[in-house]
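Understanding the architecture of this molecule
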Amino acid sequence: MGLIQALRGTRDILPAEIGYWQWVESNARGILSRAAYQEIRTPIFEQTDLFERGIGEATDVVGKEMYTFKDRGERSLTLRPEGTAGAVRAYIEHGFAAQGGVQRLWYCGPMFRYERPQAGRQRQFHQIGVEVLGSPSPRADAEVIAIATDVLQTLGLKDLSLNLNSIGNPDDRQRYREALVAYLTPYKGDLDIDSQDRLTRNPLRILDSKDGRTQAILQNAPSILEHLNPNSKQRFDQVQELLTQLGIRFEINPRLVRGLDYYTHTVFEIQSTDLGAQATVCAGGRYDGLVSELGGPETPAVGWAIGLERLIILLQQQQAVVGSKTDFYLVSKGEAAESQALVLAQALRQKGFTVELDLSSSAFGKQFKRADRSGAVACLILGDTEAETQTVQLKWLGTGEQESIAQSDLLTKPDELRQQIVDHTLTPNT
Ligand code: ATP
Ligand code: MG
């Protein structure tokens with residue numbers, strides 16, 4: 001019988017990699033909570049209808065990528081392909097919309113899309129996302145962009161670029177759609193197959209095509225920015241001005257459109273040149289049409305989602321050092337020493353230190369090797385001599401310095417000990 005393996009497009013995140021995930025998540029959580037965003041956790045599966053209405057049937061996500069199935073009660077369910085539709089459903093269902101005011105929400109979790117797996121593209125992947133509901137202000141657009149930038153920059157990521165565009169309101173888009181179709185129709189036979197299909201179903205998405213010939217034809221296509229009405233244009237100018245005041249650099253990219261139908265006005269992507277074909281780490285924009293589309297009151301909204309797999313690929317490439325998680329690796333040998341070590345490990349943990357206890361009773365040499373590999377900041381050594389005198393050897397693994405210290409002293413000054421650990425720890429990106 002063959003061994004069962006993880007499904008294509010899914011991955012185990014193993015302990016060797018988990019430090020990146022925890023670091024990214026806790027860093028984001030800190031930034032979001034300081035900006036008064038609140039976490040929301042919605043179900044992994046929803047009624048298929050939610051995504052068909054909320055994302056749009058003409059999009060790739062709904063048309064080709066959803067994991068949709070019938071449950072045992074013959075209901076059509078879908079594993080969520082993105083987080084916004086569920087967050088907005090919850091927002092409406094629990095009466096947040098009726099309360100009025102501004103709601104700032106964030107979420108983090110797995111998403112599912114049936115795609116061709118490759119580097120940075122999986123069938124189960126993870127996103128962190130934010131949604132600001134209830135504010136039409138360009139300041140909300142600028143705020144969410146600033147927060148996305150912070151989330152990425154505080155991780156030490158370099159070579160990121162922010163692409164910005166406005167796709168106006170639905171009327172602007174309708175006029176632009178007509179102009180684009182009028183321009184492209186004479187070239188129809190020269191477009192790639194997908195784009196030919198999109199010409200009638202979702203022409204704006206043609207701007208997204210990766211096909212060289214289609215891109216060449218698009219060189220002289222009309223720009224959406226020429227089709228914005230004065231209000232939309234003023235709004236876009238305000239967003240740019242606010243970003244400039246925030247010191248955030250951006251490039252205007254009139255070709256940038258999002259695949260999802262509910263976007264209005266601001267759209268943006270943050271890309272890295274280090275990600276190859278899967279260059280986009282963060283994508284978002286304003287979606288003033290979604291809440292009412294899903295049966296809630298007219299509610300302006302803006303948000304983004306960061307793809308965590310791509311983010312972590314970048315961190316690994318840029319060799320960001322994830323701070324060590326283990327403070328002490330505790331080695332011991334001999335009956336008395338081994339039982340004292342267990343007690344000491346527990347006492348240190350209760351004081352808030354992270355301690356890995358070697359349980360092997362093997363020769364000290366072997367235990368020391370494991371201590372070196374563990375990533376701990378320091379090694380604690382307990383042998384017969386130490387057990388007799390109730391002491392312990394404290395060895396800083398970075399420098400090799402070693403001292404003998406009473407076990408009780410280790411526990412009575414936890415603040416000093418914590419400071420010593422910090423002094424001996426590499427911080428991220430140094
Ligand atoms: P792409 O053009 O790369 O398919 P998208 O427009 O479908 O991206 P969004 O729906 O805007 O992506 O999702 C936001 C972010 O989530 C993307 O920028 C990316 O970082 C991440 N993402 C999307 N799909 C996947 C996937 N299949 N695997 C890994 N990450 C993904
Ligand atoms: Mg996609």
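Preceding block: the structure.
Now for a look at the structure at hand. (Residues numbered from 1 in each chain as written. Chains lettered and ligands numbered in written order. Predicted model: local features only at pLDDT ≥ 70, side-chain atom pairs only at ≥ 80, totals over all residues. Heavy atoms only, no water.)

1. Topic: the overall build of the chain
Secondary structure assignment for the chain yields 17 helices and 16 strands. Taken along the three principal axes of its C-alpha coordinates, the chain extends 90 × 60 × 45 Å. Residues classed as buried in the chain amount to 50% of the 430 residues present. For the chain, contacts bridging at least 24 residues in sequence account for 70% of all contacts bridging at least 6. Summing over all exposed atoms, the chain offers an accessible surface of approximately 21,300 Å²; the carbon and sulfur share of this is 49%. Each charge class in the chain can be summarised by its mean position, and for the 46 positive and 55 negative side chains these summaries are 3 Å apart. (Helix = DSSP H or I, 4+ residues; strand = E, 2+ residues; numbered from the N terminus. Buried < 20%, exposed > 50% of the residue type's maximum accessible area, 1.4 Å probe, protein only. Contact = heavy atoms within 4.5 Å. Areas by Shrake-Rupley, 256 points an atom, 1.4 Å probe, with all protein chains shown as cover. Lys, Arg positive; Asp, Glu negative; His and termini not counted. Charge placed at Lys NZ, Arg CZ, Asp CG, Glu CD.)

2. Description of the sheet that holds strand β5 (residues 103–112)
Taken in spatial order, the eight strands line up as β1-β5-β6-β11-β10-β9-β7-β8 in an open sheet, and their pairing is mixed. Strands with a single pairing partner mark the edges of an open sheet, and in this sheet they are β1 (38–39) and β8 (251–252). By the bridge criterion, two bridges tie β1 to β5 in an arrangement that is parallel. Looking at the pairing, Q38 lines up with L105 of β5. Sitting on the sheet, helix α4 (residues 84–93) touches β5 and β6 (124–133), and the angle it makes with β6 is about 40°. (Pairing = 2+ DSSP bridges. Axes fitted to C-alpha atoms, helices over the stretch in contact; angles between N-to-C directions.)

3. Comments concerning the packing of aromatic side chains
Following the criterion strictly, the structure yields five aromatic pairs and no others. Relative to Y114, the ring of Y67 lies with its centre 5.7 Å away and its plane at 75°, an arrangement referred to as edge-to-face. Of this pair, Y67 sits in strand β3 (residues 67–70) while Y114 sits in the loop between β5 and β6, and the two are 47 residues apart along the sequence. Taking 6.2 Å as the distance between ring centres and 10° as the angle between the ring planes, the aromatic pair formed by Y91 and F96 counts as stacked. Residue Y91 is classed as buried on the basis of its relative accessible area of 2%. Judged by its relative accessible area of 24%, F96 is partly exposed. Above the plane of the ring of Y114 lies R123, whose end atom (NZ or CZ) is 4.1 Å from the centre. (Phe/Tyr/Trp six-rings, centres within 6.5 Å; stacked < 30°, edge-to-face > 60°. Lys NZ or Arg CZ within 6 Å of the ring centre and 35° of its normal.)

4. Some thoughts on helix α10 (residues 230–245)
Over its 16 residues, α10 runs 22 Å from end to end, which matches the ideal 22 Å to within 8%, given 1.5 Å per residue. Residues S232, R235, F236, V239, Q240 and L243 constitute the buried set of α10. Along α10, the residues classed as buried sweep out an arc of 135° about the axis, all on the same side. With respect to the buried face of α10, the exposed residues turned more than 90 degrees away are P230, N231, T244 and Q245. Contacts made by the buried residues of α10 are with α6 (138–153), β7 (160–166), α7 (170–184), β8, β9 (264–272) and β10 (280–286). (Expected span 1.5 Å × (residues − 1). Arc of directions from axis to C-beta.)

5. A word on the pattern of salt bridges
The final tally for this structure, using the stated rule, is 23 salt bridges. The partner of E115 in a salt bridge is R121, with the nearest N and O atoms 2.9 Å apart. When its relative accessible area of 13% is taken as the criterion, E115 is described as buried. Measuring nitrogen to oxygen at the nearest pair gives 2.6 Å for the salt bridge that ties R201 to D197. A residue pair is termed a helical-turn pair when its members lie 3 or 4 positions apart in one helix, as R201 and D197 do in helix α8 (residues 193–201) at four residues. In this structure R201 comes out as partly exposed when scored by relative accessible area, which is 44%. (Salt bridge = Lys/Arg side-chain N within 4 Å of Asp/Glu carboxyl O.)

Structural measurements only, silent on function.
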